[in-house]
Structure formats: C-alpha cells, structure tokens
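# Chains, contacts and geometry: an overview
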Amino acid sequence: QAIMLILTISHIWSHRGDAYRIPSLLQFVVSVSGTVVVNYMAKQSKNNFDDFVTIFPEYAGTTLHKLDAFSNVVSGHLVTISTLILLFMTDDNLDLVLNATALLFVLELDEAMVDSNPVWITGLYRAYFMKSIIRE
C-alpha cells in the first residue's frame with residue numbers, strides 16, 4: 001500500500017504542470033465524485049480501526065498498532081488528496097476511470113488482507129471474549 005502511494009504521489013509530482021489546466025465539466029464531476037467515494041471508504045477504514053482498538057485495548061501502543069494507524073488513517077488522507085489531484089490532472093476519460101479504480105484498489109488492499117483470513121479474525125475475537133468470560 002505504501003509503495004503504491006509513493007508511486008502515485010511521485011507521478012503527481014512529475015506531472016505537476018498538468019494540474020494548472022482547467023478540467024472539463026465531466027472530468028470535474030468524476031473527480032469530485034471519485035474523491036467523495038474514496039474519502040467515504042477511508043473514513044470507514046478508520047472507523048473499523050478505531051473499533052478494533054476499542055475492543056482490544058491491549059493492542060493500542062504496540063508496533064503493529066502504529067503500522068495499522070499509518071495504513072488506516074494517514075494513508076486514507078493521502079489517498080483522498082491524491083485522488084482529487086490525480087483525477088484533475090488526467091486528460092483522457094478512459095485514464096480517468098482507470099486512475100479512479102486504481103486508487104480505490106489501494107484503499108481496499110488492507111481490508112482485503114483482513115477479509116481473506118476470516119479464521120484468524122474469528123479466532124482473535126473468540127480468544128478475547130473467552131478471556132473476558134473467564135475473568136468474570
């Protein structure tokens with residue numbers, strides 16, 4: 001996820017001259033709509049992360065927690081900003097769709113890794129709640 005963000009931001013930087021042209025109405029609408037969708041997905045990812053920390057307070061402050069915070073919070077903001085800039089800079093309609101889809105994919109990488117391993121998630125929740133029940 002970090003490598004894809006670095007590549008996206010470096011592309012934006014190297015083509016920053018394209019940012020000064022005025023986009024067409026279609027490009028403007030797609031860029032703003034794509035940014036709103038990406039921002040919504042980034043907020044969902046952050047809320048899921050916050051819920052996980054609430055359920056498992058011993059997880060907070062660990063190295064994995066800090067890496068997850070970067071992945072779910074900081075990357076969400078970077079992808080949202082990158083989406084708006086990158087889509088405004090795109091001059092071809094097909095490239096506009098491809099770039100929007102690629103940035104959505106970057107956000108989904110983290111969620112896909114968690115969702116692809118339901119046994120681990122279920123086991124983690126069961127272990128936590130069993131400890132809670134045993135303490136009571």
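The shown structure was predicted, so the numbers you read here are calculated from the model rather than taken from an experiment.

Scanning the protein chain for helices and strands turns up five helices and zero strands. Going from the N terminus to the C terminus, the protein chain shows its helices and strands as α-α-α-α-α. Per-residue burial over the protein chain gives 27% buried out of 136 residues. Put simply, of all contacts in the protein chain between residues at least 6 apart along the chain, 80% involve residues at least 24 apart. For the protein chain, the accessible area works out to roughly 9,000 Å², and carbon and sulfur atoms hold 69% of it.

Let us now look at the nonpolar core. Counting eleven residues, the largest nonpolar core consists of L5, I12, V38, M41, A42, V79, L86, M89, L103, V106 and L107. Every element with two or more residues in this core is listed here: α1 (2-14), α2 (25-55), α3 (63-89) and α4 (93-115). With five residues, the next largest nonpolar core counts F49, F52, F56 and Y59 among its residues.

Moving on, we get to the environment of L26. Counting through the fold element by element, L26 comes out in helix α2. The exposure class of L26 is partly exposed, given its relative accessible area of 49%.

Let us now look at the confidence of the model for the protein chain. With 77% of its residues at a pLDDT of at least 70, the protein chain reaches an overall mean of 77. Taken element by element, the predicted model of the protein chain shows its lowest mean pLDDT in helix α5 (residues 118-135) (62) and its highest in α2 (84).

Within this structure, the stated rule accounts for one salt bridge. A salt bridge links K46 to D50; its shortest N-O distance comes to 2.7 Å. Of this pair, K46 and D50 both sit in helix α2, four residues apart, which is roughly one turn of that helix.

The next thing to look at is the packing of α2 against α3. Put simply, α2 and α3 touch, their axes get as near as 8 Å, and they point 175° apart. Of the possible angle classes, the one that applies to α2 and α3 is roughly antiparallel. Looking at the contact of α2 with α3, its residues break down into 13 nonpolar, eleven polar and two charged.

Together, L25, F28, V29, V32, V36, I81, L84 and I85 make up a nonpolar patch on the protein surface, roughly 690 Å² of accessible area in all. Looking at the nonpolar patch, the elements that each hand over two or more residues are α2 and α3. The element that contributes the greatest number of residues to the nonpolar patch is α2, accounting for five residues. Among the secondary structure elements, I85 is positioned in helix α3.

Thresholds, definitions, all that
- Residues numbered from 1 in each chain as written.
- Predicted model: local features only at pLDDT ≥ 70, side-chain atom pairs only at ≥ 80, totals over all residues.
- Heavy atoms only, no water.
- Helix = DSSP H or I, 4+ residues; strand = E, 2+ residues; numbered from the N terminus.
- Buried < 20%, exposed > 50% of the residue type's maximum accessible area, 1.4 Å probe, protein only.
- Contact = heavy atoms within 4.5 Å.
- Areas by Shrake-Rupley, 256 points an atom, 1.4 Å probe, with all protein chains shown as cover.
- Core = buried A, V, L, I, M, F, W, Y, C linked by side-chain atoms within 4.5 Å.
- pLDDT = per-residue confidence, 0-100.
- Salt bridge = Lys/Arg side-chain N within 4 Å of Asp/Glu carboxyl O.
- Axes fitted to C-alpha atoms, helices over the stretch in contact; angles between N-to-C directions.
- Parallel < 35°, antiparallel > 145°, perpendicular 65-115°, else oblique.
- Nonpolar A, V, L, I, M, F, W, Y, C, P; charged D, E, K, R; others polar.
- Patch = residues over 30% accessible without salt bridge, like charges linked within 9 Å, V, L, I, M, F, W, Y side chains within 5 Å.

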